[in-house]
Amino acid sequence: MLQNIAIGQYVPGQSFLHRADPRSKLLFIVLFATLVFLGNNTITHSILIGFTLFTILLSRLSFTYILKSLKPVWFLILFTVILHIFMTKGGTVYYQWGSFTIEEQGVRQAIFISIRLGLLILFSSLLTLTTSPMDLTEGLERLLRPFGRIGVPVHEIALMMSIALRFIPTLMEETDKIIKAQTARGADFTSGNLVRRAKNLIPIAIPLFISAFRRAEELALAMEARGYRGGVGRTRLNKLQFTWRDVAIAVVAAALTFVIWWWRT
Amino acid sequence: MKPENLLTFSDVTFSYDGEEGQRVKVLKGVDLSIAKGSFVSVLGHNGSGKSTLAKLMNALLLPEGGKILVSGVDTKDGEMIWEIRRHVGMVFQNPDNQIVGATVEDDVAFGLENMGVDPKEMRNRIDEALLSVGMEKYALAQPYRLSGGQKQRVAIAGIMAMRPSVIILDEATAMLDPQGRQEVMHLARRLNREEGITVVNITHFPEEAIDSDRVIVMENGEVLMEGHPAEVFSQVDRLQQAGLDVPFVVRVRHELIAKGYDLPFELHQEELVEHLCRLLLTR
Ligand SMILES: Nc1ncnc2c1ncn2[C@@H]1O[C@H](COP(=O)(O)OP(=O)(O)OP(=O)(O)O)[C@@H](O)[C@H]1O
Ligand SMILES: [Mg+2]
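Throughout this description, residue numbers start from 1 for each chain and increase along the sequence as written. Ligands are numbered from 1 and chains lettered from A, in the order in which they are written. Local features are withheld for residues below a pLDDT of 70 in this predicted model, meaning they are given only at 70 or higher, and side-chain atom pairs are given and counted only at 80 or more; totals for whole chains, interfaces and linings count all residues. Where side-chain values are given, they derive from all heavy atoms of the structure, hydrogens and water being excluded.

Trainee: Could you clarify how one ought to interpret the side chain of K151 of chain B in this entry?
Mentor: Strands here are runs of E lasting at least two residues and helices are runs of H or I lasting at least four, both read from the DSSP assignment and numbered beginning at the N terminus. Positionally, K151 of chain B belongs in helix α5 (residues 148-160). The contact definition used throughout considers only heavy atoms, calling two residues in contact when any of these lie within 4.5 Å. In this structure K151 of chain B touches P95, D96, I99, P143, Y144 and L146 of chain B, once residues within four positions along its chain are discounted.

Written as structure tokens, this is what we have:
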């Protein structure tokens, strides 16, 4: 029942994108987001669309699969489009009905904004599709490490994330077991109205929470037994390694920045 | 030469805070010593204080009264606590609740990271430890996909990487299927024999204690019996009074003797079978 839920929706693979260092990918996304909002005309937007298509090809993932990532935000995009079409004024009036108009600037903005949102979402889902959650956590930890000096608990955040990742499958399995056990006792999770169904979740949630707390307690003890004493003086198994791929990404980043800067108006 | 003692308890007492704020005495003056390189089994009824004993050995708990020495170091010495925990590794009962890492090698690295081992050195130690428990093929696997026995072996690898002198298994086989139990016991025996690791195996299965160097029986916060497995298991009535099982072979012989047959004391099945066959032939 729960097996079909993809976690972090990571799709293992061997493509260029899969094998690039998560730190470069994270940094590149930050840059890309900036560039997307710097672009302000047809040329820059076309360049960005072209670049995104190229990146999708590079990931060797199926195109339709990636487009699916737009599904949950479809509504948001549509809403922004409608808002802009009706509210933004300026330029030629395309349509008029009483005091109500659709004007050139409105349509233009609507198209640009939806392209921007779409590209950002496509790009970040490319990141999660090609990077394992573990690598992502580790990449984040490394990038955020300098902030540790100004009091950000980087080590704790990273540890929390990785323990969460480690326990998601265990807890899923457990939820599955509890559902089966409760079903065997005659509980019904699939019929009735929303309130009823929500109520029916209580006999799943309570045992799950109790067991999660027990697990947490035992894990804390096991961590202590293995000499855990917080982040001070701790080293990390070094797994991330920059390669030629990351150099390539840096070069592409520089080129893309230059091109967008050049063509924007 | 007298064997060197790795762990010594002298008159150790310990209490937990009970429900109504009163102190509940869990260990009532325990004296014991565990020789370096030995394989010691600890048996005892539920709540007899076995886990408490284990947690005192690596300073997860500190004694209320008395003294515990690990390689001559008092566990109350706050400065040595990390060194003690490195020396005394501990495997717990539930394999799912002691694996920290999202991959096998991440988990083995955990203890080393805590110790502040250099990342380059870490790599070698992880590979070495995984090899010693026979899990080298699973370095990148996710722990939840492993069998119970494999998970416990990963936990042992995490300890082995820290180069310990003692491994305490606190009912580490209790949640495993027979095959997993065998895997873990085989590994513990091999590490004891080949790498000289002292093993303290806390267990509910008297079978696991047969081949130990020593058996310690706990009852109600005290050491009830202690000695060579043959010595301890020959006192069947006393053990059964304490609510404890004896190995199958011992039980069979005990019952046959009660029926009037004459059989020598044996711990191993093959030997008992041989005696039984001989008995059949000579009748
Ligand atoms: N954290 C705690 N707080 C209060 N009482 C505790 C705590 N841990 C254990 N006890 C009590 O101490 C006694 C001994 O517990 P311990 O866990 O050492 O027994 P054990 O021999 O390991 O038992 P088992 O075979 O069930 O693992 C038990 O009566 C238990 O209820
Ligand atoms: Mg116990």
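We are not done yet, so read on.
Trainee: When you look at the site of ligand 1 in this model, what are you seeing that I'm missing?
Mentor: Residue and element names in this part refer to chain B. Surrounding ligand 1, one finds 13 residues, the nearest of these being G47, G49, K50, S51 and T52. Pairing of N or O atoms within 3.5 Å defines a polar contact, subject to two protein rules: one partner must be a possible hydrogen donor and the other a possible acceptor, and residues neighboring in sequence count only if both atoms are side-chain atoms. Note that a nitrogen atom of ligand 1 is positioned 3.5 Å from one of the side-chain N or O atoms of Y16. One nitrogen or oxygen atom from the side chain of E171 is found 3.1 Å from an oxygen atom belonging to ligand 1. Elements with a contribution of two residues or more to the shell around ligand 1: β1 (5-17) and α1 (50-57). No other element matches the three residues that α1 contributes to the shell around ligand 1. Think of it as three bins: nonpolar holds Ala, Val, Leu, Ile, Met, Phe, Trp, Tyr, Cys and Pro, charged holds Asp, Glu, Lys and Arg, and polar takes everything else, Gly as well. Tallied by class, the residues present in the shell around ligand 1 amount to two nonpolar, eight polar and three charged. Here, proximity means that at least one heavy atom of the residue falls within 4 Å of the molecule or strand.

Trainee: What should I look at first to understand the sheet that holds strand β2 (residues 23-35) of chain B in this one?
Mentor: As a general point, the strands of a sheet are linked pairwise by backbone hydrogen bonds and lie either parallel or antiparallel. All names here are of chain B. Paired strands are those between which DSSP finds at least two bridges. One open sheet accounts for four strands, arranged β2-β1-β4-β5; its pairing is antiparallel. Because the sheet does not close on itself, it has two edges, and the strands there are β2 and β5 (73-74). Where β1 and β2 come together, ten bridges link them in antiparallel fashion. What sits directly across from T8, in β2, is S33.

Trainee: Explain empty space enclosed by the protein here, please?
Mentor: Remark: the empty space left among the atoms is shown by a probe the size of a water molecule rolled over them. Grid points spaced at 1 Å and placed over the protein atoms alone form the basis of the search, with a cavity being a set where a 1.4 Å probe fits but cannot get out and a pocket an open set showing protein on both sides within 12 Å along at least five of seven lines. Lining residues have an atom within 4 Å of a point. Grid points are joined across faces, edges and corners, and a volume is the space filled by probe spheres set on the points. As enumerated under the stated definition, the model contains four cavities of 30 Å³ or more in all. In this model, the largest cavity occupies a volume close to 270 Å³. The wall of the largest cavity is formed by 19 residues, among which S162 and R236 of chain A together with G101, D106 and E113 of chain B lie closest to the centre. Among the secondary structure elements, those contributing two or more residues to the lining of the largest cavity are α7 (133-144) and α8 (154-184) of chain A together with α3 (104-115) of chain B.

Trainee: Teacher, can you tell me more about the nonpolar core here?
Mentor: Within soluble globular proteins, side chains that are nonpolar generally end up buried alongside one another. Counting residues in each nonpolar core, the largest one holds 36 residues, and the members touching the most others are V91, V108, L130, I156, I167 and L169 of chain B. Of all the elements in the fold, those that place two or more residues in this core are α3, α4 (119-132), α5, β7 (166-170) and α6 (178-194) of chain B. In terms of residues, this core owes the most to one element, α5 of chain B, which gives six residues. The contacts of V108 of chain B, once residues within four sequence positions are left out, are R226 of chain A together with I126, A129, L130, V154, A157, G158 and A161 of chain B. To define a nonpolar core, start from buried Ala, Val, Leu, Ile, Met, Phe, Trp, Tyr and Cys residues and group those joined through side-chain atoms within 4.5 Å. The rule is simple: take the accessible area with a 1.4 Å probe, protein chains only, and divide by the maximum for that residue type; under 20% is buried, over 50% is exposed, in between is partly exposed.

Trainee: Help me out: how do you make sense of the sheet that holds strand β9 (residues 214-219) of chain B in this one?
Mentor: Residue and element names in this part refer to chain B. The strand order across the open sheet formed by six strands is β6-β7-β8-β3-β9-β10, and the pairing between neighbours is mixed. A strand with exactly one partner marks an edge of an open sheet, and here the two such strands are β6 (88-91) and β10 (222-227). Sheet twist, expressed as the average angle between the axes of neighbouring strands with direction ignored, equals 20°. For strand β3 (residues 39-44) and β9, the ladder comprises five bridges, and the chain directions are parallel. Bridge pairing links L43 to V217 in β9. Every axis corresponds to a line fitted to the C-alpha atoms, with the helix fit spanning only the stretch in contact, and the corresponding angles, defined between N-to-C directions, vary from 0 to 180 degrees. Contacts from α5 reach β6 and β7, with the element oriented near 170° to β6.

Trainee: I keep staring at a nonpolar patch on the surface and nothing clicks. Help me out?
Mentor: Residue and element names in this part refer to chain A. Taken together, the side chains of F75, L78, F79, I82, L83, F86, M87, Y94, Y95, W97 and F100 make up a nonpolar region of the molecular surface, amounting to roughly 1300 Å² of accessible area. Only α5 (74-87) and β1 (93-97) provide two or more residues apiece to the nonpolar patch. For the nonpolar patch, the leading source of residues is α5, giving seven residues. Along the chain, F79 falls in helix α5. Patch definition: residues above 30% relative accessible area lacking any salt bridge, with like charges linked at up to 9 Å and the nonpolar side chains Val, Leu, Ile, Met, Phe, Trp and Tyr linked at up to 5 Å. Exposure was quantified through the Shrake-Rupley algorithm and a 1.4 Å probe, taking into account, for residues, occlusion by the shown protein chains and nothing else. The salt bridge criterion pairs a side-chain nitrogen of Lys or Arg with a carboxyl oxygen of Asp or Glu, the two atoms within 4 Å.

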